[in-house]
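Overview (structure and organization)
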Amino acid sequence: MIYRITFMNEEVDTFKRVFEADPEATFLDLHKALLASVDYKDDQMTAFYLCNSEWERVQEVTLVPMPDTDQWDNMTMEATKLSDLLTEPKQRLMYVFDPMMDRNFFGSLNSIKEGHVEGVQLVESKGKAPKQIKEDDPLNVKTGADDLDLDSEFYGDDQYDEGDLDMEGFQDLSFEDGTMF
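This write-up is about the structure you can find in this document. (Residues numbered from 1 in each chain as written. Predicted model: local features only at pLDDT ≥ 70, side-chain atom pairs only at ≥ 80, totals over all residues. Heavy atoms only, no water.)

Turning our attention to the overall build of the protein. On a plain count of helices and strands, the protein comes out with three helices and seven strands. When the elements of the protein are put in sequence order from the N terminus, they spell out β-β-α-β-β-α-β-β-β-α. By residue count, 36% of the 181 residues in the protein fall in the buried class. Put simply, the protein shows about 11,900 Å² of open surface, and 49% of that area lies on carbon and sulfur atoms. (Helix = DSSP H or I, 4+ residues; strand = E, 2+ residues; numbered from the N terminus. Buried < 20%, exposed > 50% of the residue type's maximum accessible area, 1.4 Å probe, protein only. Areas by Shrake-Rupley, 256 points an atom, 1.4 Å probe, with all protein chains shown as cover.)

Attention now moves to the layout of surface pockets. As a volume, the largest pocket reaches approximately 170 Å³. Taken together, 13 residues line the largest pocket, and the ones lying closest to its centre are Met45, Ala47, Tyr49, Glu60 and Pro99. For the lining of the largest pocket, the elements supplying multiple residues, two or more each, are strand E3 (47-51) and strand E4 (57-62). Top element by residues in the lining of the largest pocket is E4. It accounts for three residues. For the lining of the largest pocket, a count of residues per class yields eight nonpolar, two polar and three charged. (1 Å grid on protein atoms, 1.4 Å probe; cavity = no way out; pocket = protein on both sides within 12 Å on 5 of 7 lines; lining within 4 Å. Points joined across faces, edges and corners; volume = space filled by probe spheres on them. Nonpolar A, V, L, I, M, F, W, Y, C, P; charged D, E, K, R; others polar.)

This part takes up helix H1 (residues 27-38). The first and last C-alpha atoms of H1 sit 17 Å apart over 12 residues, in line with the 16 Å expected at 1.5 Å per residue. Of all 12 residues in H1, nine are buried; the element is thus mostly enclosed. All buried positions along H1 are accounted for by Phe27, Leu28, Leu30, His31, Ala33, Leu34, Leu35, Ser37 and Val38. (Expected span 1.5 Å × (residues − 1).)

Once that is clear, we can look at the environment of Arg103. Examined against the element boundaries, Arg103 turns out to sit in strand E6 (residues 103-113). You can call Arg103 buried: its relative accessible area is 5%. C-alpha of Arg103 to C-alpha of Lys134: the two residues are 31 residues apart in sequence and 9.3 Å apart in space. Filtering out sequence-adjacent residues up to four positions away, Arg103 remains in contact with Glu11, Tyr95, Val96, Phe97, Asp98, Pro130, Lys131, Gln132, Ile133 and Lys134. At 3.0 Å, the side chain of Arg103 forms a polar contact with the backbone oxygen of Gln132. (Contact = heavy atoms within 4.5 Å. Polar contact = N/O pair within 3.5 Å; in protein donor to acceptor, adjacent residues only side chain to side chain.)

So, on to empty space enclosed by the protein. The tally for this structure, following the rule as stated, stands at one cavity of 30 Å³ or more. The calculated volume of the largest cavity comes to roughly 30 Å³. Looking at which element gives the most residues to the lining of the largest cavity, the answer is E3, with three residues. For the lining of the largest cavity, the residue count by class is eight nonpolar, no polar and no charged.

Dropping the structure here:
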């Protein structure tokens, strides 16, 4: 049997990736083929989700083991075969490639046909993939000290004069007797 799986993306209208896969291949095989097809690094906590017709997530397949939840059992990409979850044409799945911003590729099992293919093979590639990490991703922030001019940007005007500080009202504060807190 050969599974034909298509992925698209709502950020890039022209994006499309089509794979043919052995049903005995794992979700990890599909993960690696998908990353290779879009030239993404394998450094994110990606996950697949089996979805219903409304794109609601009904089963998670994670890259690394996670605790079971009330919503679904933990299934890992390495231990889950495509045929364990994908059993009929038109089933929907989602691949979360940027978990911090919840950005996805939307997939569908287009067909199941007779034949054989080794692992997961890319058979069609159209359009450029969106960037793996958005610039406004909170974890993609430069935080090195070289990025800051601490004298002027962080602390304000470098012409600060202590004499400008009005000390009235601060005389009664003491950190020693515990009255501050």
